[in-house]
Amino acid sequence: MKNMVYSVLKGVRQSTGLTSGTCELCLQQADASGFLCAPCHQQLSVSHNACSQCAEPMSEPGRCARCQQTPPAFDYAYSSYLYQPPMSSWLLAAKDKTHLQWLLRLGWLMRQKPPHTMDQVDGLIFMPSARKRRLVRGYNPAQLLALPVARQYRLPLYEDALKKTSVADQRGLSASQRRHNQKRSFISGQRTFDGEHLLIIDDVITTGATADAAARLLKQQGAGIVGVWSLCRTPAKSQSNNK
């Protein structure tokens, strides 16, 4: 499976212009990214203050009330950007329109803003997708984001730790509906752990329900610490118009 995914990535790099040299937003000369100019790059939405456990944007640093009252199974979460335009539009193009060149670009952006825990991580897990979804889309976005991270940090990528069962689409569901939907969304794979610090790679954290279900199983399999690193985090509705 890994060799097949590497072949897909190699083919996309060879057949598409990942770096046009022109900013995709303002058509000025691009910076080192090859597709954004420096001012547009700097204006991508990020969360300056976020909950240290679930990464939900907050007005000041700390831990949100929800995590204090009902802590999730994962120990911390970090998101490189907020799920707002243009990031949200680019990610939807990569996922729903199978524009793989955008997924590679977004992966590059993600790796420019890593969590500060990378030197403590023992191994990586990508958020699995259901078999039907993989067949329709042709790939798992989280896996394609995770492979370059594993190479860059020379970390093992455990592809056999979790399996995803078929569940209803999460988009449009409330937080409580997402939590209910995810209760039986994963099953344990063939991997057991012995106190390792694992980092789950995903494309978007919305409510944290998916990450909670995955982390709960990983800890049952022996993981000591489970973190989550996502490309984007969906901001609270009250903050949806803020950078």
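Residues numbered from 1 in each chain as written. Predicted model: local features only at pLDDT ≥ 70, side-chain atom pairs only at ≥ 80, totals over all residues. Heavy atoms only, no water.

S.K.: Before we go on, may I ask you to explain the side chain of Ser-129 in this structure?
M.R.: Relative to the assigned elements, Ser-129 resides in the loop between β2 (123–126) and α6 (131–137). Once residues within four sequence positions are removed from consideration, Ser-129 is found in contact with Arg-134, Asn-140 and Lys-164. (Helix = DSSP H or I, 4+ residues; strand = E, 2+ residues; numbered from the N terminus. Contact = heavy atoms within 4.5 Å.)

S.K.: Looking at this structure, I do not really get the pairing of β2. What am I missing?
M.R.: Taken residue by residue, a regular strand's side chains alternate between the two faces of the sheet. Neither face of β2 is open: one carries Gly-123 and Ile-125, the other Leu-124 and Phe-126, and all of them are buried. As paired elements, β2 and strand β5 (residues 197–205) share four bridges and run parallel to each other. What sits directly across from Ile-125, in β5, is Ile-200. (Buried < 20%, exposed > 50% of the residue type's maximum accessible area, 1.4 Å probe, protein only. Pairing = 2+ DSSP bridges.)

S.K.: Sorry, what's going on with the packing of aromatic side chains here?
M.R.: Aromatic ring pairs are reported here in terms of the distance separating the ring centres and the angle at which the planes meet. Enumeration over the complete set of coordinates arrives at four aromatic pairs. Their ring planes at 85° and their centres at 5.8 Å tell us that Phe-35 and Trp-102 sit as a pair that is edge-to-face. Within this pair, whereas Phe-35 is found in the loop between α1 (2–15) and α2 (38–42), its partner Trp-102 is found in helix α5 (residues 100–111), the two being separated by 67 residues in sequence. The class of Phe-35 is buried, set by a relative accessible area of 1%. When the centroid spacing of 4.5 Å and the interplanar angle of 15° are considered together, the rings of Trp-90 and Trp-102 count as stacked. (Phe/Tyr/Trp six-rings, centres within 6.5 Å; stacked < 30°, edge-to-face > 60°.)

S.K.: So what exactly am I meant to see when it comes to the packing of helix α4 (residues 87–96) against α5 here?
M.R.: For any two helices packed against each other, the geometry comes down to the angle between their axes and how far apart the axes lie. The interhelical angle for the contact between α4 and α5, taken along N-to-C directions, is 135°, at an axis separation of 8 Å. Regarding the angle of α4 to α5, the classification is oblique. Between α4 and α5 lies a crossing whose hand is left-handed. For the pair formed by α4 and α5, the contact residues are Met-87, Trp-90, Leu-91 and Ala-94 on the first element and Trp-102, Leu-103, Leu-106 and Leu-109 on the second. Residue classes in the contact of α4 with α5 are distributed as eight nonpolar, no polar and no charged. (Axes fitted to C-alpha atoms, helices over the stretch in contact; angles between N-to-C directions. Parallel < 35°, antiparallel > 145°, perpendicular 65-115°, else oblique. Left-handed = near helix turned anticlockwise from the far one by under 90°. Nonpolar A, V, L, I, M, F, W, Y, C, P; charged D, E, K, R; others polar.)

S.K.: Got a minute to help me understand helix α9 (residues 209–220) in this structure?
M.R.: Working note: α-helix, 3.6 residues per turn, so residues spaced by three or four point in the same direction. For α9, which comprises twelve residues, the first-to-last C-alpha distance of 17 Å matches the rise-based estimate of 16 Å (1.5 Å per residue) to within 8%. With respect to burial, α9 is a largely interior element, nine of its twelve residues being buried. Every buried residue belonging to α9 is among Ala-209, Thr-210, Ala-211, Asp-212, Ala-213, Ala-214, Ala-215, Leu-217 and Leu-218, and all of these are buried. Gly-222, located one to two residues past α9, shows a positive phi value of around 110°. (Expected span 1.5 Å × (residues − 1).)

S.K.: Any chance you could explain α5 here in plain terms?
M.R.: Compared with the 16 Å implied by 1.5 Å per residue over twelve residues, the 17 Å span of α5 between its first and last C-alpha is a close match. Where burial is concerned, most of α5 is hidden: ten out of the twelve residues are buried. For α5, the complete set of buried residues consists of Leu-100, Trp-102, Leu-103, Leu-104, Arg-105, Leu-106, Gly-107, Leu-109, Met-110 and Arg-111.

S.K.: Honestly, the nonpolar core in this entry has me stumped. Any pointers?
M.R.: Nonpolar side chains in soluble globular proteins tend to end up buried together. In this structure, Met-87, Leu-109, Leu-124, Ile-125, Leu-218 and Leu-231 are the most contacted members of the largest nonpolar core, which totals 66 residues. Listing elements by their share of this core, those giving two or more residues are β1 (76–82), α4, α5, β2, α7 (141–153), β5, α9 and β6 (225–233). Here this core gets seven residues from one element, more than from any other, and that element is α7. Setting aside residues no more than four positions away along its own chain, Leu-218 makes contact with Ile-125, Ala-161, Leu-162, Phe-193, Leu-198, Ile-200, Ala-223 and Val-226. (Core = buried A, V, L, I, M, F, W, Y, C linked by side-chain atoms within 4.5 Å.)

S.K.: Looking at this structure, how should I read the packing of α5 against α7?
M.R.: Put simply, α5 and α7 touch, their axes get as near as 10 Å, and they point 45° apart. On the basis of their axis angle, the class for α5 and α7 is oblique. For the element pair α5 and α7, the recorded crossing hand is right-handed. Two secondary-structure elements touch here, α5 through Leu-100, Leu-103, Gly-107, Met-110 and Arg-111 and α7 through Pro-141, Leu-144, Leu-145, Pro-148, Val-149 and Gln-152.

S.K.: I'm lost on the environment of Ala-130 in this one. Help?
M.R.: Here Ala-130 is to be found in the loop between β2 and α6. Classification of Ala-130 as buried rests on a relative accessible area of 13%. Along the backbone, Ala-130 and Phe-186 are 56 residues apart, and their C-alpha atoms lie at a distance of 9.3 Å.

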